[in-house]
Structure formats: structure tokens, C-alpha cells
Amino acid sequence: PPRGPPPPPRAPGGPPRLTTRGRAAAAHSPARKSRSRADRLPVPEPLVAYRQACLQLGIDLSEVLPGFSPQRLVVRDEPIESTKQAYALAEGIRACAPREVELTNALLTDMGCERIVEAATGSRLQKLHISNSCLNFRTCAAVYAALRAQGA
């Protein structure tokens, strides 16, 4: 019979959580020593991550789903009406890790744009284009932190 309380629920799209007993067994496993961490962790597909975030945040999927691509993500003339929608988009961006992100006429909230900037700059981003949206303190602070982390 299992001892102690059940393990905490797994984060969406994140690695499975191991109990103390599981960590000890995994640390001595020969497969663990031969494979890198990236090989062990499941990588969620961007659209799946986006849909999971929509379900968790209690929002409907937008009528036009973003076209997640490892090269470029473009959201043009699609109003992202709430912060929750921007959070879901950020999860898809984090899973996709595109080189370019373009958000034009998306009408983002400041908190939502902050999360998108953080998700995009945590990867291999080369170009971030945001136009016709309100950029306030949170977004500017996220851009500043990302530039500072990259040494620009």
C-alpha cells in the first residue's frame, strides 16, 4: 500500500512529478544516465498546449486558431480580448519557441502582453514585433528584463 499523501497534480505540459521513492529509483536507473534531460521530458505540441491552457483558464478557443510554427507566429487583426486569452497564447508560444513573433492589431492587455513577451524571449527569439497594442509598464519591464538577460 502507498505511504503518505498522494503526489501533487502534474503541471500542464510539464514533466511528471516524482515522489521521493520514484526519484531514488530513477537516480539509479541506467537509462537515466545515458539520456539527456531534453530526451526524458515530453515536449507538448504548441496547439495542444494552447488548448490545454484555454481549458484550464475557462475560455473558449478563438475562432481562428494561431498558426504555431517554429519559424514564425503571426497574429494579425485578431483581437485578443482578455488577459486569459493572451496567457493561453503565451503557453502555445512557449511550447513552439518561434524565431519571430508578430502581433499586429491584437489589442493586447498589458499583463497578457507581458506574459507573451516572457514566453517568447525564453527561447530562440530573433524578432519581436508588436504594433497597435497598448504597451504599459509590465510589458516594458518584460522587454527590458529579456534584453538584459541576453546581454544587449
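Since the structure is predicted, the reported quantities are computational estimates derived from the model, not experimental observations.

Thresholds, definitions, all that
- Residues numbered from 1 in each chain as written.
- Predicted model: local features only at pLDDT ≥ 70, side-chain atom pairs only at ≥ 80, totals over all residues.
- Heavy atoms only, no water.
- Pairing = 2+ DSSP bridges.
- Helix = DSSP H or I, 4+ residues; strand = E, 2+ residues; numbered from the N terminus.
- Axes fitted to C-alpha atoms, helices over the stretch in contact; angles between N-to-C directions.
- Core = buried A, V, L, I, M, F, W, Y, C linked by side-chain atoms within 4.5 Å.
- Buried < 20%, exposed > 50% of the residue type's maximum accessible area, 1.4 Å probe, protein only.
- Contact = heavy atoms within 4.5 Å.
- pLDDT = per-residue confidence, 0-100.

## Some remarks on the sheet that holds strand 2 (residues 100–104)
Link 1 in the chain: Strands sit in the order 1-2-3 across an open sheet of three strands; the sheet is parallel. Of all the strands in the sheet, just strand 1 (72–76) and strand 3 (127–131) have a single pairing partner and so form its edges. Looking at each pair of strands side by side, their axes are set apart by 0 degrees on average, direction ignored.

## Section: the nonpolar core
Link 1 in the chain: By size, the foremost hydrophobic cluster in this structure holds 26 residues, and its most contacted members are Leu89, Ile93, Leu103, Leu108 and Ile116.
Link 2 in the chain: Listing elements by their share of this core, those giving two or more residues are helix 4 (46–57), strand 1, helix 5 (83–96), strand 2 and helix 6 (110–121).
Link 3 in the chain: For this core, the leading source of residues is helix 5, giving six residues.
Link 4 in the chain: Once residues within four sequence positions are removed from consideration, Leu89 is found in contact with Tyr50, Pro66, Phe68, Leu73, Val75, Ile80, Leu103 and Ile116.

## Quick look at the environment of Gln85
Link 1 in the chain: Take Gln85: it is sitting in helix 5.
Link 2 in the chain: You can call Gln85 buried: its relative accessible area is 19%.
Link 3 in the chain: Residues Gln85 and Leu108 lie 23 residues apart in sequence; the distance between their C-alpha atoms is 9.3 Å.
Link 4 in the chain: Once residues lying within four places of it in the same chain are set aside, the contact partners of Gln85 are Ile59, Pro79 and Ile80.

## Describing unusual backbone geometry
Link 1 in the chain: Of note, Ala97 is a non-glycine position whose phi angle comes to about 55 degrees, a positive value.
Link 2 in the chain: Tracing the backbone through its elements, the reader meets Ala97 in the loop between helix 5 and strand 2.
Link 3 in the chain: By relative accessible area, which is 17% here, Ala97 ends up buried.

## What to know about the confidence of the model for the protein
Link 1 in the chain: Residue-level pLDDT values for the protein average 74, and 68% of them are 70 or greater.
Link 2 in the chain: Looking over the protein, one finds the lowest element-wise mean pLDDT in helix 3 (residues 37–40), namely 41, and the highest in helix 6, namely 91.
Link 3 in the chain: pLDDT under 50 marks residues 14–43. Its contacts with residues more than four places away, or in other chains, come to 20 contacts.

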